[in-house]
Amino acid sequence: MDTRLSSVLFPLLLLFLVFSLVYSTPSTTASSSNTIVISQLPYTITKPGTYVLHSDMYYNGGGNAVTVKANNVVLEGNGHSIEGSGKGVGIYGMNVNGIVVKDVKVMNFSKGLGIDYNSTNNTFYGNVISNNKVGIGLGWCSGNNTIYDNIISGNVLGIRAFLEGGVDGIHNNEIEGNKYGIEVNGFPQVVIEANKILDNEYGIDLRFSSGHIIRNNEFVNDGLLVISSYNNTVENNYVNGKPLVYLEGVSNYTVGYAGQVVLVDCNNILISNFDLSNASVGVELWKTNNTVIKDNIMTGNTNGTILWGNSYRDKIIGNYIADNKDGVNLGLRSYNNSIIGNLIKSNEAGIILQRSGIFGYNEIHGNILLNNKYGVVLGDFSGDNLFYGNNFIDNERQVLINAEQVFPNKWDNGYPVGGNYWSNYHGVDKYSGKYQNETGSDGIGDSIYIIYTGNIDHYPLMNKVPINFTMPETKTMTITSTSPITTTGTTESSTTSSTTQTSMSATTSQASNTYSSSTSASTITTNEQRVSRGTVTVIILLIIIIIGISSIAIRKY
């Protein structure tokens, strides 16, 4: 009887020991001989290997919470956070290669995660980067880095690529609620693909750089801004479910359908009857001439319309421009443009002129500027512009001079045409004539309206100008049009149909899957993965042995 009992208990005891071994085995990370646990900050990594955050940690210093000085390092957060006090850097590497940072929450630093000075082939994925001045910063000749599957929110600059030295990839991230979602400033080339970019002041900001690829991105309540950047490929992106139309080096063209329009080095383009709302910029012209922006609705943008970078002889006519931060912005040597017959209301600034005019005046005529914080803002080196026949009605401040170098502008078109209607003008009209010294009224105030030194309306109007503004009728459904798909300094075009939000999502999803497949092939096999596979193998072998011993014992019994 005892023999029988021992024959049954023996395999049960072995089975108990196996389960005890399995459940008492440390986590795969801790079992790796090359894994080092980070349990306090600041911490400096000087050797290759895998490093794991022990818990959520707070760092109050002004330096780096974690400094990486070695190549081929994996920093695993396991969902833990590194939180700063608004200064310093969360995770920083200089002249490092082959760094992987994953599953870390980094918040409240001057820079959340940054690499500099010839740091290449580094990867950041699965992280949450929030409430920093700069979320992720790539700088100073650091190239061939990859940023994907991160959530980047609430930063001033979400991702900043500055003076890069190679091709970087920014893929499949959710970039939300930053002032600038992605800023690329410097040398080529950055591939920005299949990201969801939403509720940033500016979704993507390209400045002083070229040769970038921006495709298959979904913008919601933001969009693209371009400053002195050329030869970029921008294709298959959507703003609020409508195509982002980017044209470069294109002439004599009518835009078919759009949620945002960006023109670089173009000529004679027609943009009419669109609802270009809730984007970073409704329409942007950079170094673009002889273009007509007519009968559009632009509301809820950071900028309704921008004309920058030597854009001249363009016309902004009959648009409804309301509830933007800036309604119309003319700057950086833009001249000989016309702003005529628009209703510009409830913006922070109705019209801004910055370094605009001087070389040829801009004409602002027949507009209604209503209930803006500032009707017109004049910045540095803005002069010789002509304002007349406009209705300035109940703006908190009709004209703001925001300049150190104040230049004279003309605020009337002489007598008898006159100047502008000002709702806060309290003059009287008893006289007439060029010098307002002749008997009888003429609809022009007898006293001047002083705005600032050198900026005077000599013939302010007593009554509102009869401007018959009609709300534009906009295209509300997708249409088929002949439109440039990839425009990088050529005028090549192909006939396409504007797609719906559903097809856009499918395209973005397909791009995401493609990228995930490509990156999985290059995923590093870590020590913890090898440990996990080894543990499973041992368990299987022990189970086989137990079954064999049990079978022998049963037969003997």
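Everything numeric here is computed off the predicted structure, so don't read it as measured data.

Thresholds applied
Residues numbered from 1 in each chain as written. Predicted model: local features only at pLDDT ≥ 70, side-chain atom pairs only at ≥ 80, totals over all residues. Heavy atoms only, no water. Helix = DSSP H or I, 4+ residues; strand = E, 2+ residues; numbered from the N terminus. Buried < 20%, exposed > 50% of the residue type's maximum accessible area, 1.4 Å probe, protein only. Contact = heavy atoms within 4.5 Å. Core = buried A, V, L, I, M, F, W, Y, C linked by side-chain atoms within 4.5 Å. Pairing = 2+ DSSP bridges. Phe/Tyr/Trp six-rings, centres within 6.5 Å; stacked < 30°, edge-to-face > 60°. Patch = residues over 30% accessible without salt bridge, like charges linked within 9 Å, V, L, I, M, F, W, Y side chains within 5 Å. Areas by Shrake-Rupley, 256 points an atom, 1.4 Å probe, with all protein chains shown as cover. Salt bridge = Lys/Arg side-chain N within 4 Å of Asp/Glu carboxyl O. Axes fitted to C-alpha atoms, helices over the stretch in contact; angles between N-to-C directions. Polar contact = N/O pair within 3.5 Å; in protein donor to acceptor, adjacent residues only side chain to side chain.

1. Some details on the overall build of the chain
Turning to step 1, where the next piece is worked out: Counting secondary structure elements, the chain contains 4 helices and 55 strands.
Turning to step 2, where the next piece is worked out: Counting the 557 residues in the chain, one finds 52% classified as buried.
Turning to step 3, where the next piece is worked out: In the chain, the proportion of contacts linking residues at least 24 apart, taken out of those at least 6 apart, comes to 44%.

2. Some thoughts on the nonpolar core
Turning to step 1, where the next piece is worked out: By size, the foremost hydrophobic cluster in this structure holds 61 residues, and its most contacted members are Ile82, Ile91, Ile136, Ile182, Ile204 and Leu224.
Turning to step 2, where the next piece is worked out: It is strand 26 (residues 224-227) that contributes the most residues to this core, 4 residues altogether.
Turning to step 3, where the next piece is worked out: Every residue in contact with isoleucine 204, bar those within four places of it in the chain, is listed here: Ile182, Ile192, Ile197, Ile214, Phe219, Gly223, Leu224 and Leu225.
Turning to step 4, where the next piece is worked out: Val255, Leu307, Val328 and Leu378 belong to the second-largest nonpolar core, a separate cluster that totals 40 residues.

3. Some thoughts on the pairing of strand 14 (residues 134-139)
Turning to step 1, where the next piece is worked out: Taking burial as the measure, the 6 residues of strand 14 include 6 buried ones, the bulk of the element.
Turning to step 2, where the next piece is worked out: The pairing of strand 11 (residues 111-116) with strand 14 spans 4 bridges and is classified as parallel. Directly across from isoleucine 115, in strand 14, lies its bridge partner leucine 138.
Turning to step 3, where the next piece is worked out: Here 5 bridges tie strand 14 to strand 17 (residues 157-162), and the two strands are oriented parallel to one another. From the neighbouring strand, glycine 139 faces strand 17, where its bridge partner is phenylalanine 162.

4. Topic: the packing of aromatic side chains
Turning to step 1, where the next piece is worked out: Inspection of the entire model under this criterion finds 12 aromatic pairs.
Turning to step 2, where the next piece is worked out: For the ring pair phenylalanine 381 and phenylalanine 407, a centre distance of 5.7 Å and an interplane angle of 45° mean the geometry is tilted. Of this pair, phenylalanine 381 sits in the loop between strand 45 (374-378) and strand 46 (386-388) while phenylalanine 407 sits in the loop between strand 48 (397-401) and strand 49 (421-422); the two residues are 26 residues apart in sequence, bridging distant segments of the chain.
Turning to step 3, where the next piece is worked out: The class for phenylalanine 381 is partly exposed, based on a relative accessible area of 31%.
Turning to step 4, where the next piece is worked out: Here the aromatic rings of tryptophan 422 and tyrosine 449 are separated by 4.3 Å at their centres, their planes lie at 15°, and the arrangement is stacked. With a gap of 27 residues between them, tryptophan 422 in strand 49 and tyrosine 449 in strand 52 (residues 449-452) connect regions that are remote in the sequence.
Turning to step 5, where the next piece is worked out: Accessibility expressed as a relative area gives 1% for tryptophan 422, which makes it buried.
Turning to step 6, where the next piece is worked out: Put simply, the rings of Phe387, Phe392, Trp411, Trp422, Tyr425 and Tyr449 touch in pairs and so form one group of aromatic residues.

5. Some points on a nonpolar patch on the surface
Turning to step 1, where the next piece is worked out: A cluster of nonpolar residues, Met94, Tyr117 and Trp140, forms a patch on the protein surface that exposes about 320 Å² of accessible area.
Turning to step 2, where the next piece is worked out: In this fold, tryptophan 140 is placed in the loop between strand 14 and strand 15 (146-148).

6. Remarks on the pattern of salt bridges
Turning to step 1, where the next piece is worked out: Under the counting rule described, the total for this entry stands at 5 salt bridges.
Turning to step 2, where the next piece is worked out: A salt bridge links lysine 102 to glutamate 76; the nearest nitrogen and oxygen atoms lie 3.4 Å apart. A residue pair is termed long-range when its members are at least 10 positions apart, and lysine 102 in strand 9 (residues 100-102) and glutamate 76 in strand 6 (residues 73-76) qualify at 26 residues.
Turning to step 3, where the next piece is worked out: With a relative accessible area of 14%, lysine 102 lands in the buried category.
Turning to step 4, where the next piece is worked out: Residue classification places glutamate 76 among the buried positions, given a relative accessible area of 7%.
Turning to step 5, where the next piece is worked out: One salt bridge connects glutamate 193 with arginine 215, and the closest N-O pair in it is separated by 3.2 Å. With glutamate 193 in strand 21 (residues 190-193) and arginine 215 in strand 24 (residues 213-215), this pair connects stretches of sequence that are 22 residues apart.
Turning to step 6, where the next piece is worked out: Under the relative-accessibility criterion, arginine 215 is labelled partly exposed at 26%.

7. As for the sheet that holds strand 30 (residues 251-254)
Turning to step 1, where the next piece is worked out: Pairing in this open sheet of 7 strands is parallel, and the strands run 30-32-34-37-40-43-46 from one edge to the other. Every other strand in the sheet has two partners, leaving strand 30 and strand 46 as the edge strands with one partner each. Averaged over all pairs of adjacent strands, the angle between their axes in this sheet comes to 5°, without regard to strand direction.
Turning to step 2, where the next piece is worked out: For strand 40 (residues 338-340) and strand 43 (residues 363-365), the ladder comprises 3 bridges, and the chain directions are parallel. Within the sheet, the bridge partner assigned to isoleucine 340 lies in strand 43 and is histidine 365.

8. What to know about the sheet that holds strand 44 (residues 368-370)
Turning to step 1, where the next piece is worked out: Pairing is parallel in the open sheet, where 6 strands are placed in the order 35-38-41-44-47-49. Two strands lie at the open edges of the sheet, namely strand 35 (297-299) and strand 49, each paired on one side alone.

9. Regarding the side chain of serine 119
Turning to step 1, where the next piece is worked out: Along the chain, the position of serine 119 falls in the loop between strand 11 and strand 12 (123-125).
Turning to step 2, where the next piece is worked out: At 2.7 Å, the side chain of serine 119 forms a polar contact with the backbone oxygen of aspartate 116.
Turning to step 3, where the next piece is worked out: Beyond its immediate chain neighbours, meaning those up to four positions away, serine 119 contacts Gly93, Met94, Asn95, Val96, Asn97, Cys141, Ser142, Gly143 and Asn145.

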